[in-house]
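# Structure assessment
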Amino acid sequence: MYRRLLLLGDSQTQNGKWISKLNETFVRQLDTTNRGLSGYNTAWTVDTLQSILPNVPMYHFDMATVWFGCNDAVLPGHPQHVPLDKFKCNLERIVCRLTAEGIQPGNILVLTPPTLNEEMLDVKYGPERIRLNTVTAQYAECVLKVAKERGCQTCDLFAKFGKAVQGGVQPFTDGLHLNEKGEEIVYGVVEEFVAARLDSKWAIPDWKELEV
């Protein structure tokens, strides 16, 4: 039987090339449903959950990724900003809704927002820049806390991307969105999560195994 993976997030998920690579890796094993919504924060996502998760048996999911924080962490005064306490509450509501749909907490991977390249953001946005690493770090810590409290799997992409940058890797196109190297980092994390929850067999056998 094909396993089903729900992907919730913002543009990092909606436009994620790492998802295409997941589909290639787990062909005939996994169905992915991309519900990344570019520009969305957790508040707007909570409001759309009924549309994303209709109460229909065929939409049952076995696993999920939850990746928010990039937009919630913009500075106050911007419409995407969500205060840290409300961000935590929204994230908890999202996770609780997934578990209510039958996804086990251990099969939910909650990802932190990655670190930013502030120099690249300065070049693109100048004095209009609305994101800071010091603020994003607080939202990343909040994600880790929620995941631990709810028994979910997690990955600290803020730390992982920071380490990559320190090692000379440039994972961004503009300081926020991912280039090929950044996509590869995320793919590696999610691939490991999914692989641990699948067996090595195809959902439908190879034609050579059929009795004809």
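Structure report, in brief. Computed from a prediction, not measured in an experiment: that's the story for all the values here.

### Some details on the sheet that holds strand β5 (residues 153–155)
Ordered by their spatial adjacency, 5 strands build an open sheet running β2-β1-β3-β4-β5, and the pairing between neighbours is parallel. A single partner strand is all that each edge strand has here, and the edge strands are β2 (30–36) and β5. Here the average twist between neighbouring strands, direction ignored, is 15°. Across 7 bridges, the pairing between strand β1 (residues 3–9) and β2 is parallel. Among the inter-strand pairings, Leu-5 is bridged to a residue of β2, identified as Thr-32.

### Section: the pattern of salt bridges
Within this structure, the stated rule accounts for 8 salt bridges. With its nearest N and O atoms 3.5 Å apart, the salt bridge here joins Arg-3 to Asp-62. Here the residue Arg-3 occupies a position in strand β1, and Asp-62 occupies one in the loop between α3 (42–52) and β3 (63–67), the gap between them amounting to 59 residues. With a relative accessible area of 26%, Arg-3 lands in the partly exposed category. Linked through salt bridges whose partners overlap, the residues forming this network are Lys-88, Glu-92 and Glu-149.

### Observations concerning the environment of Glu-183
Along the chain, the position of Glu-183 falls in helix α8 (residues 180–195). For Glu-183, a relative accessible area of 10% corresponds to the buried category. Note: C-alpha distance between Glu-183 and Phe-26 (157 residues apart in sequence) is 17 Å. When near neighbours in sequence (up to four residues on either side) are disregarded, Glu-183 contacts Asn-15, Gly-16, Lys-17, Trp-18 and Leu-178. Within the structure, the side chain of Glu-183 is placed 3.0 Å from the backbone nitrogen of Lys-17, a separation counted as a polar contact.

### Re helix α6 (residues 133–150)
With 18 residues, α6 extends 26 Å from end C-alpha to end C-alpha; this agrees with the ideal 26 Å at 1.5 Å per step. Within α6 the residues assigned to the buried category are Asn-133, Val-135, Thr-136, Tyr-139, Ala-140, Cys-142, Val-143, Val-146 and Ala-147. The secondary structure elements touched by the buried residues of α6 are α4 (84–100), β4 (108–111), α5 (118–125), β5 and α7 (157–166). Positive phi shows up at Gly-151, right after α6, with a value of about 75°.

### Regarding the side chain of Asn-133
Mapped onto the secondary structure, Asn-133 falls in helix α6. What makes Asn-133 buried here is its relative accessible area of 17%. Separated by 2.7 Å, the side chain of Asn-133 and the backbone nitrogen of Leu-116 make a polar contact. With near-sequence residues (within four places) excluded, Asn-133 lies in contact with Thr-115, Leu-116, Glu-118 and Phe-158.

### A few points about unusual backbone geometry
If a residue is not glycine, its phi is most likely negative; likewise, a peptide bond is most likely trans. Although it is not a glycine, Arg-28 sits at a positive phi angle of roughly 65°. Among the structural elements, Arg-28 can be located in the loop between α2 (17–25) and β2.

### Re the nonpolar core
Burial of nonpolar side chains together is a common tendency in soluble globular proteins. The biggest cluster of nonpolar side chains holds 27 residues, and the ones touching the most others in it are Leu-98 and Val-110. In terms of residues, this core owes the most to one element, α6, which gives 6 residues. The next biggest cluster of nonpolar side chains, apart from the first, holds 25 residues, and it includes Phe-26, Leu-109, Val-190 and Leu-198.

### Some details on the packing of α2 against α8
Between α2 and α8, the least distance of the axes is 9 Å, while the angle of their chain directions is 45°. Here α8 runs oblique to α2, going by the angle between their axes. The element α2 and its partner α8 pack so that their crossing is right-handed. Residue-level contacts link Lys-17, Trp-18, Lys-21, Leu-22 and Thr-25 of α2 to Glu-183, Glu-184, Val-186, Tyr-187, Val-190 and Glu-191 of α8. Tallied by class, the residues present in the contact of α2 with α8 amount to 5 nonpolar, 1 polar and 5 charged.

Definitions and limits used
Residues numbered from 1 in each chain as written. Predicted model: local features only at pLDDT ≥ 70, side-chain atom pairs only at ≥ 80, totals over all residues. Heavy atoms only, no water. Pairing = 2+ DSSP bridges. Helix = DSSP H or I, 4+ residues; strand = E, 2+ residues; numbered from the N terminus. Axes fitted to C-alpha atoms, helices over the stretch in contact; angles between N-to-C directions. Salt bridge = Lys/Arg side-chain N within 4 Å of Asp/Glu carboxyl O. Buried < 20%, exposed > 50% of the residue type's maximum accessible area, 1.4 Å probe, protein only. Contact = heavy atoms within 4.5 Å. Polar contact = N/O pair within 3.5 Å; in protein donor to acceptor, adjacent residues only side chain to side chain. Expected span 1.5 Å × (residues − 1). Core = buried A, V, L, I, M, F, W, Y, C linked by side-chain atoms within 4.5 Å. Parallel < 35°, antiparallel > 145°, perpendicular 65-115°, else oblique. Left-handed = near helix turned anticlockwise from the far one by under 90°. Nonpolar A, V, L, I, M, F, W, Y, C, P; charged D, E, K, R; others polar.

This is a description of form; function is not addressed.
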